[in-house]
Amino acid sequence: MQDKRYNIFISYRREDGAQYARIIQLLLENEGYSVFLDYEELKDGKFESKIENAIIESQVFILILSRKYFSRCWKRNDWVRKEISIAIKNRKKIIPVVPDNIDVKIPFFLDKELSSFILEEQFSHIDFGEKLYKDVRSMIKGRIDKNVIKDIDAILPQMPYDNILSVILDKKTHPVNFVDINSDGCVNLPFTALVIGFKEIGLEYFKFLYEFGTFINHDREKTPFRCYAIDENIDQISGYLNLDMPAITNEELTLIKTQIGSEKYIKTISTIINDLNYIVITLDDVNMAMYHAIQICKLCLKYRKRSSKRSSRLGIFVRSNRMSYQVLSEFNTKSEDAIEIYPFILDKQDAKYKQEILEKAKEFHCIYNCIYENSELSANDLWEKHFNNSNISKLMERRNISQYDAIYDINRRIAHNISNVLHMHTKMVLMGFYSNTRDNRLKEYNEYATNRNPMTTEYICDKDDKQLLLNIAIVEHERWIASQKLMGYTYNTENDYVKKYHKDMCAWNELDEKTKSYDCDVVDTTIKMVYKEIKNIFDK
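Once a new chain begins, its residue numbering starts again from 1 and follows that chain's sequence as written. pLDDT decides what is reported in this predicted model: residues at 70 or higher carry local features, side-chain atom pairs at 80 or more are listed and counted, and totals for whole chains, interfaces and linings draw on all residues regardless. Hydrogens and waters are ignored; side-chain quantities use all the structure's heavy atoms.

Considering the sheet that holds strand β10 (residues 313–319)
Now for step 1: Here the rule is simple: two strands pair whenever DSSP picks up at least two bridges between them. Put simply, DSSP H or I for four residues or longer makes a helix, DSSP E for two residues or longer makes a strand, and each gets a number counted from the N terminus. Read from one edge to the other, the open sheet built from 6 strands follows the order β8-β7-β6-β9-β10-β11, with strand pairing classed as parallel. In this open sheet, the two edge strands, each paired with only one partner strand, are β8 (253–256) and β11 (338–344). For this sheet the average axis-to-axis angle between neighbouring strands, irrespective of direction, equals 15°.
Now for step 2: Bridge count between strand β9 (residues 278–281) and β10: 4 bridges; the pairing is parallel. Each residue of the ladder has a partner; that of V280, found in β10, is F317.
Now for step 3: Here, residues are in contact when the closest pair of their heavy atoms is within 4.5 Å. Orientation is described by lines fitted to C-alpha atoms, with helices fitted over the stretch in contact, and by angles between N-to-C directions that extend from 0 to 180 degrees. Sitting on the sheet, helix α11 (residues 286–303) touches β6 (191–196), β9, β10 and β11, and the angle it makes with β10 is about 165°.

Next comes the structure, spelled out in structure tokens:
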């Protein structure tokens, strides 16, 4: 796989510079720059080569001059010192950033070459309070734009849940299979999950659960969602989570720092076991993951009691290899509830899966657009028409937005189509399909979807069917809000792509009729696409 290319490298000291570095990274990425920050990028252990390559290919080298930045530079093998040396050797444009007017002193023990080079550079003083955006934009306009050539012309499909895509494509992993669904598509009981191991895979799995575990209750409000995440090193990322996803509350995601298998770990699981719908174990050591899955089943037998206040089903999903997969596949529990272990193997060779999903996304996009325009273009041609590079300049001119905002908006819509395809199963299950409840009525629902007046929520059908369709549209709206929260968005009366505000992140009943109709469009397209797929099978 080709390595990702970067415009800017950020050098910082972890003890007191990480928060500044992360904020600068986010702001620069919002302006369209590709930024290397080792917290984000070094997850495979190839530290030295990746650091050096990232500095060499970057055009700008930013130093976050926190109080402790130079604290260990007297050591020849200190990596901050090495980073500076590599940048100077490769003649990089160096921009020292001084956060919050810290009094920076260049230490005497630095080599003359290093200290003199830094002193020659003009410091950028950044106030991380009210003047943050102004100071960063001033640095960009005055210093970075003169030295960085942005390579952001290409529009690449953003595949949601890239690392666990092979898992999500197995529909039995979807949260909708572990809730009790009413005939009107509502889920009245909370959805509660537990993630054991909260590194990259655990975090991505949480995001999947948060978006796909979104349901509504009989009051047409979002069903409560709660996820507990357990990891002994969870405090290393907790601050970044609050920064990256500020709209997700502590009640929705509760972080628990403890060693897997500790007394606190056992006590925590024993306390919440009766509320859980879903457990996922993402430990790197798959043998330990298998062991803990079996131990949790024993805890279920001991503490989990039948209750009308929770779903009767519990799924335990366990990261596995081929050997542990076979062992866990044969393991069953004997309890009053339906408690099942589902081993999964992360398939890194998933290019085929991605292409299949992308083709389905193109078909979804084509059917959706036929609601508003009659086009004889194929799904591929329509996709190319709406998402190719020529749309960048058109969108910039029409909306008076920057190049980055135009590319971001196009990529957002591409990702939205992909998510819509992945969520089709959930919508159909909520409507009672795939369970013989309404399978024989799919043709009728296809007619309801086809005959609804565009730009309205008015379905031509009886009261119960109409309410069901509207309920699924509300679920779609809440799922979309969840996806926006995962991208860092919060509610505001005006949209702002830099500050990540969106005005539609509100309750369904606060939306106007036109905006509500867009959620109905997604539901209708789902029904039409499923009907078309099934009809094609029978026609053969």
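Considerations on helix α9 (residues 235–244)
Now for step 1: Accessible area is worked out with a 1.4 Å probe on protein chains only. A residue is then buried under 20% of its type maximum, exposed over 50%, and partly exposed in between. Along α9, the residues that are buried comprise I237, Y240 and L241. Buried residues of α9, seen end-on, are gathered within an arc of 110° and therefore sit on one face of the element. Within this analysis, the arc is defined by the directions that extend from the helix axis to the C-beta atoms.

Focus on the side chain of N369
Now for step 1: Relative to the helices and strands, N369 is located in helix α13 (residues 351–369).
Now for step 2: Overall, N369 belongs to the buried group, its relative accessible area being 14%.
Now for step 3: Setting aside residues up to four positions removed in sequence, N369 forms contacts with L382 and H386.

Section: the pattern of salt bridges
Any two side chains of opposite charge can pair if their charged atoms end up close together.
Now for step 1: When a carboxyl oxygen of Asp or Glu lies within 4 Å of a side-chain nitrogen of Lys or Arg, that pair is called a salt bridge. Enumeration over the complete set of coordinates arrives at 22 salt bridges.
Now for step 2: Between R313 and E340 there is a salt bridge; the shortest N-O distance is 3.3 Å. Here R313, found in strand β10, pairs with E340, found in strand β11; they are 27 residues apart in sequence, far enough to count as distant.
Now for step 3: On the accessibility criterion, R313 (25% relative accessible area) is partly exposed.
Now for step 4: The partner of E359 in a salt bridge is K362, and the shortest N-O contact between them spans 3.6 Å. Taken together, the residues E359 and K362, both in helix α13 and 3 residues apart, mark about one turn of the helix.
Now for step 5: Given a relative accessible area of 34%, E359 falls into the partly exposed group.
Now for step 6: Within this structure, E211, K427, E476 and R479 form a network of salt bridges that share partners.

Quick notes on unusual backbone geometry
Now for step 1: A positive phi angle, near 65°, is found at R220, a position not held by glycine.
Now for step 2: Secondary-structure assignment places R220 in the loop between α8 (200–212) and β7 (225–230).
Now for step 3: With a phi close to 70°, M455 is a non-glycine residue in the positive phi region.
Now for step 4: As for its position among the elements, M455 is in the loop between α18 (442–451) and α19 (463–486).
Now for step 5: Assessed through its relative accessible area of 32%, M455 is described here as partly exposed.

Side note on the packing of helix α10 (residues 263–272) against α11
Now for step 1: Look at α10 against α11: their axes get within 10 Å of each other, and the N-to-C directions meet at 50°. The orientation of α10 with respect to α11, classified from their angle, is oblique. Two packed elements cross with a definite hand, and for α10 against α11 that hand is right-handed. In this structure, α10 uses Y265, I266, I269 and S270 to contact α11, whose residues at the interface are H292, I296, L299 and Y303.
Now for step 2: For the contact of α10 with α11, the class distribution of residues is 6 nonpolar, 2 polar and no charged. Each angle receives one of four descriptions, namely roughly parallel if under 35 degrees, roughly antiparallel if over 145, roughly perpendicular if within 65 to 115, and oblique otherwise. Here a crossing is taken to be left-handed if its near helix is turned anticlockwise relative to the far helix by less than a right angle, and right-handed if that turn runs clockwise. In this count, Pro and Cys sit with the nonpolar residues alongside Ala, Val, Leu, Ile, Met, Phe, Trp and Tyr, while Asp, Glu, Lys and Arg are called charged and the others, Gly among them, polar.

Overview of α18
Now for step 1: Looking at α18, one finds that the buried residues are L442, Y445, N446, Y448 and A449. On an axial view of α18, the arc spanned by its buried residues comes to 160°, and they lie on one face.

Some details on the nonpolar core
Now for step 1: What makes a nonpolar core is a set of buried Ala, Val, Leu, Ile, Met, Phe, Trp, Tyr and Cys residues whose side-chain atoms join them at distances within 4.5 Å. The biggest cluster of nonpolar side chains holds 86 residues, and the ones touching the most others in it are I164, F198, Y205, F206, F208 and Y278.
Now for step 2: Listed in part, the 27 residues of the second largest apolar core include I279, M290, I296 and I341.

Digging into the pairing of β8
Each regular strand displays side chains that alternate between the two surfaces of the sheet.
Now for step 1: As paired strands, β7 and β8 are joined by 4 bridges and run parallel to one another. For A229, the partnering residue across the bridge sits in β8 and is L255.
Now for step 2: This β-α-β element, β7 to α9 to β8, shows right-handed connectivity. Viewed with both strands pointing away, a crossover whose connecting path from the first strand over the helix to the second turns clockwise is right-handed.

Things to note about the sheet that holds strand β5 (residues 124–126)
Think of a sheet as strands paired side by side through backbone hydrogen bonds, with each pair either parallel or antiparallel.
Now for step 1: Taken in spatial order, the 5 strands line up as β2-β1-β3-β4-β5 in an open sheet, and their pairing is parallel. Edge strands, defined here as strands with exactly one partner in the open sheet, are β2 (35–36) and β5.
Now for step 2: Two elements, strand β3 (residues 60–64) and strand β4 (residues 93–99), share 5 bridges in a ladder whose sense is parallel. Opposite V60, over in β4, you have K93 as the bridge partner.
Now for step 3: Taken strand by strand, helix α4 (residues 79–89) contacts β1 (8–11), β3 and β4, and its axis lies near 150° from that of β3.
Now for step 4: Helix α6 (residues 132–144) contacts β1, β3, β4 and β5 of the sheet and is inclined by roughly 160° relative to β5.

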